[in-house]
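Inside the fold
Given next are the chains, with one letter for each unit.
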Amino acid sequence: MRRYFVFGLLIGLFAGLHEANAQKVEIVKDEYIFTDAPFKACHASTIVKLGNGKLLAAWFGGTQESNPDVCIWTAENDGTKWSSPVKVADGIQPDGKRYACWNPVLFKAASGTLYLHYKIGPNPREWWAVYKTSNDDGKTWSAATALPKGFFGPIKNKPVQLANGDIFYPSSTESSDEKTWQIHLERSDAALKKWEKINIDCDTFQLIQPSILRYSKQKLQLLSRSKQNVIVQNWSNDDGKTWSKSTSTALPNPNSGSDAVTVKGYQLLVYNPLTAGKNWWEGRSVLKLAVSKDGEHWKDLYTFEQHDKGEYSYPAIIADKTGNVYVTYTHDRSRIKFVQLRFIK
């Protein structure tokens, strides 16, 4: 009996090790979206899949972050190459005053309408939210529409559309005195006419920029950036109507944006796995891809960047049902990097 028991333990251990090491990625493309551009600095990219194998990426670019000349730019990938950057939004107001644009988020709804959410304002404490729509996959855009007062839409990461057509936006606010960061969710109907806010208990954490992961029809998870050198999580078991109090994950993070996506029943997370330094950019020199089945236990799967210094940050990640994964991120504030990979279970 002892021999069979030990044999069973060994079989179980082997199966567990096999499961833990089964997932891998194959790199398909690793390239810059552009090498020359009509702006000095860029940041906060976003990406969406269009029809016919095409992709659209967006980011903000200008002299430097928060400068009034910062605009929203896009580039399309036709399956083989990226187009030159095109300016699609600026912060010029009706009275002629100009503000910086911030944090674009691309999202294609089930209706086929393409949304470009972004912010306008002098800083993240005073910005306001607007969006544009496109019915030709980003070739032309509508005028900007402001969100209802008090709503901000997706702050950095993509929204999620529910089965009934409603859209969940991972959102957050920063207080004017910079002492309080608070995440919340916003929900709109499919036409973006009716809006509601879902509050979340952040406990003692300072949190912004959540991303949304789905585990089942009812179970969802939020992963957020914090000031506490760790990625923080919240859980919902009623399809996002209510959420648990914030708790720490085991994932270190230097107060830098991350993004996550569900693919093939697994969760993929792109993040900076270091802790913060004295300056805000320190800790952003390494960028990794992690995988999890349950959202509690994560394993690093791939390293996008590993340097002693520099900023490789603010990733965006999307995926399709077959395991194709697309990632963009800031490459030292001067370019946007694109990586296409295959996730294999």
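What comes next concerns the included structure. (Residues numbered from 1 in each chain as written. Predicted model: local features only at pLDDT ≥ 70, side-chain atom pairs only at ≥ 80, totals over all residues. Heavy atoms only, no water.)

Within this structure, the stated rule accounts for one cavity of 30 Å³ or more. For the largest cavity, the calculated volume is near 60 Å³. In the lining of the largest cavity, the residues fall into five nonpolar, three polar and three charged. (1 Å grid on protein atoms, 1.4 Å probe; cavity = no way out; pocket = protein on both sides within 12 Å on 5 of 7 lines; lining within 4 Å. Points joined across faces, edges and corners; volume = space filled by probe spheres on them. Nonpolar A, V, L, I, M, F, W, Y, C, P; charged D, E, K, R; others polar.)

The next thing to look at is the pattern of salt bridges. Counted under the stated rule, the structure contains 14 salt bridges. Linking Lys54 and Glu76 is a salt bridge whose minimum nitrogen-to-oxygen distance equals 4.0 Å. A residue pair is termed long-range when its members are at least 10 positions apart, and Lys54 in the loop between β2 (41-49) and β3 (55-62) and Glu76 in strand β4 (residues 71-77) qualify at 22 residues. Each of the salt bridges in this network shares a partner with another, and the network as a whole consists of Glu65, Arg284, Glu311 and Arg333. (Salt bridge = Lys/Arg side-chain N within 4 Å of Asp/Glu carboxyl O. Helix = DSSP H or I, 4+ residues; strand = E, 2+ residues; numbered from the N terminus.)

Now for the packing of aromatic side chains. Within this structure, the stated rule accounts for 17 aromatic pairs. Centre to centre, the rings of Tyr302 and Phe304 are 5.2 Å apart; their planes meet at 85°, and the pair counts as edge-to-face. Phe304 sits in the buried class, given a relative accessible area of 9%. Of the aromatic side chains, those joined through ring pairs into one cluster are Phe34, Phe39, Trp59 and Trp73. Over the ring of Tyr215 we find Lys219, and its NZ or CZ is 5.8 Å from the ring centre. One Lys or Arg, Lys337, reaches over the ring of Tyr32 and ends 5.3 Å from the middle of that ring. (Phe/Tyr/Trp six-rings, centres within 6.5 Å; stacked < 30°, edge-to-face > 60°. Buried < 20%, exposed > 50% of the residue type's maximum accessible area, 1.4 Å probe, protein only. Lys NZ or Arg CZ within 6 Å of the ring centre and 35° of its normal.)

We now examine the nonpolar core. Ranked by internal contacts, the top residues of the largest apolar core, which has 24 residues, are Leu56, Ile72, Leu106, Leu116, Tyr118 and Trp141. Sorting the residues of this core by element identifies β2, β3, β5 (86-89), β6 (100-108) and β7 (114-121) as the ones contributing at least two each. Counting 19 residues, the second-largest nonpolar core is a separate cluster that includes Val261, Leu268, Tyr312 and Tyr329. (Core = buried A, V, L, I, M, F, W, Y, C linked by side-chain atoms within 4.5 Å.)

Let us look at the side chain of Asp239. Here Asp239 shows up in the loop between β16 (230-236) and β17 (247-252). At 3.0 Å, the side chain of Asp239 forms a polar contact with the side chain of Arg214. In this structure, Asp239 is in contact with Leu162, Phe168, Arg214, Lys217, Gln218 and Leu220, ignoring residues within four places of it in sequence. (Polar contact = N/O pair within 3.5 Å; in protein donor to acceptor, adjacent residues only side chain to side chain. Contact = heavy atoms within 4.5 Å.)

This part is about the pairing of strand β8 (residues 128-134). Across the seven residues of β8, five count as buried, placing the element largely inside the fold. As judged from the seven bridges shared by β7 and β8, these two strands associate in the antiparallel manner. Its bridge partner being in β8, Lys119 is matched across the sheet by Ala129. Counting the residues that bridge the hairpin from β7 to β8 gives six residues. By the bridge criterion, two bridges tie β8 to strand β9 (residues 145-146) in an arrangement that is antiparallel. When the sheet's bridge partners are listed, Val130 is paired in β9 with Ala146. (Pairing = 2+ DSSP bridges.)

What follows is about the layout of surface pockets. In this model, the largest pocket occupies a volume close to 880 Å³. Along the walls of the largest pocket sit 25 residues, with Phe107, Lys158, Pro159, Val261 and Ala319 positioned nearest its centre. Looking at the lining of the largest pocket, the elements that each hand over two or more residues are β2, β6, β10 (160-161), β14 (207-214), β18 (259-263) and β22 (312-319). Broken down by element, the residue count for the lining of the largest pocket peaks at four residues, all from β18. For the second largest pocket, the calculated volume is near 630 Å³. Glu65, Pro124, Arg225, Tyr314 and Arg333 are, among the 27 residues lining the second largest pocket, the residues nearest its centre.

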